[in-house]
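Topology and contacts: notes
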Amino acid sequence: MMPRHLWIRLAPTASFAMMASCAASPPPSVIPPRLALPEAAIRPCVLERLPEAPTLGDLEVAYVARGAALVACETARELAVGTLLAERAMQDRWREGQGPRPRLRP
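Cut-offs and rules
Residues numbered from 1 in each chain as written. Predicted model: local features only at pLDDT ≥ 70, side-chain atom pairs only at ≥ 80, totals over all residues. Heavy atoms only, no water. Helix = DSSP H or I, 4+ residues; strand = E, 2+ residues; numbered from the N terminus. Areas by Shrake-Rupley, 256 points an atom, 1.4 Å probe, with all protein chains shown as cover. Disulfide = S-S within 2.5 Å. Buried < 20%, exposed > 50% of the residue type's maximum accessible area, 1.4 Å probe, protein only. Salt bridge = Lys/Arg side-chain N within 4 Å of Asp/Glu carboxyl O. Contact = heavy atoms within 4.5 Å. Patch = residues over 30% accessible without salt bridge, like charges linked within 9 Å, V, L, I, M, F, W, Y side chains within 5 Å.

Within the protein, the secondary structure is distributed over three helices and zero strands. N-terminal to C-terminal, the α/β element order of the protein is α-α-α. Here the protein displays about 9,400 Å² of accessible surface, and carbon together with sulfur accounts for 66% of that area.

As structure tokens, this is what we get:
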């Protein structure tokens, strides 16, 4: 007969204790507030490309179009960053008002 180690007999008890402690933990609190990103901040930026054999006029048109697209992309990026920072500030204010979570066990 093989000797049985103490840890083999205690493993089911330890496993049960770990499951019971997870089950006794408090449920998550209310979900913090979130802001929806504006559609302009989600839309990908598209930059114009030159045709196969560009002329001087094509280069000038592409230069102006790319400049306008870059301005639009930068504006959308600023909008997304501003929304994210506002959401984080709102969540921080929300967390301050929540107080500490109650503990079930002493």
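So, next bit.
Covalent bonding between the sulfur atoms of two cysteines is what defines a disulfide. Under the defined criterion, the tally for this structure stands at one disulfide. Across a sulfur-sulfur distance of 1.9 Å, C45 and C73 are joined as a disulfide pair. Separated by 28 residues along the polypeptide, C45 in the loop between helix 2 (39-42) and helix 3 (56-98) and C73 in helix 3 bring together distant segments of the chain. Taking relative accessible area as the criterion, C45 reaches 45% and is therefore assigned partly exposed. For C73, a relative accessible area of 16% translates into the label buried.

Let us now look at the pattern of salt bridges. Across all of its chains, the model carries four salt bridges by this definition. Of the charged contacts in the structure, one is a salt bridge between E87 and R34, with a shortest N-O distance of 3.9 Å. Of the two residues, E87 sits in helix 3 while R34 sits in the loop between helix 1 (6-23) and helix 2, which places them 53 residues apart along the sequence. We classify E87 as buried; its relative accessible area is 9%. The salt bridge involving R43 is made with E39; its shortest N-O contact spans 3.0 Å. With relative accessibility at 48%, the residue R43 sits in the partly exposed group.

Bringing the environment of L35 into the picture now. The topology assignment puts L35 in the loop between helix 1 and helix 2. Each C-alpha atom of the pair L35 and A86 lies 8.2 Å from the other, and the pair is 51 residues apart in sequence. Setting aside its immediate chain neighbours within four residues, L35 contacts T83, A86, E87 and M90.

On the surface, L50, L56 and L59 cluster together into a nonpolar patch covering about 290 Å² of accessible area. Tracing the backbone shows L50 in the loop between helix 2 and helix 3.

The residue T83 is located in helix 3 in this model. Taking relative accessible area as the criterion, T83 reaches 13% and is therefore assigned buried. Ignoring anything within four residues of it in the chain, the contact list for T83 reads L35, A36, L37 and P38.

With respect to the secondary-structure elements, E48 resides in the loop between helix 2 and helix 3. Relative accessible area serves as the criterion here: at 44%, E48 is assigned to the partly exposed category. Residues E48 and V61 lie 13 residues apart in sequence; the distance between their C-alpha atoms is 9.4 Å.

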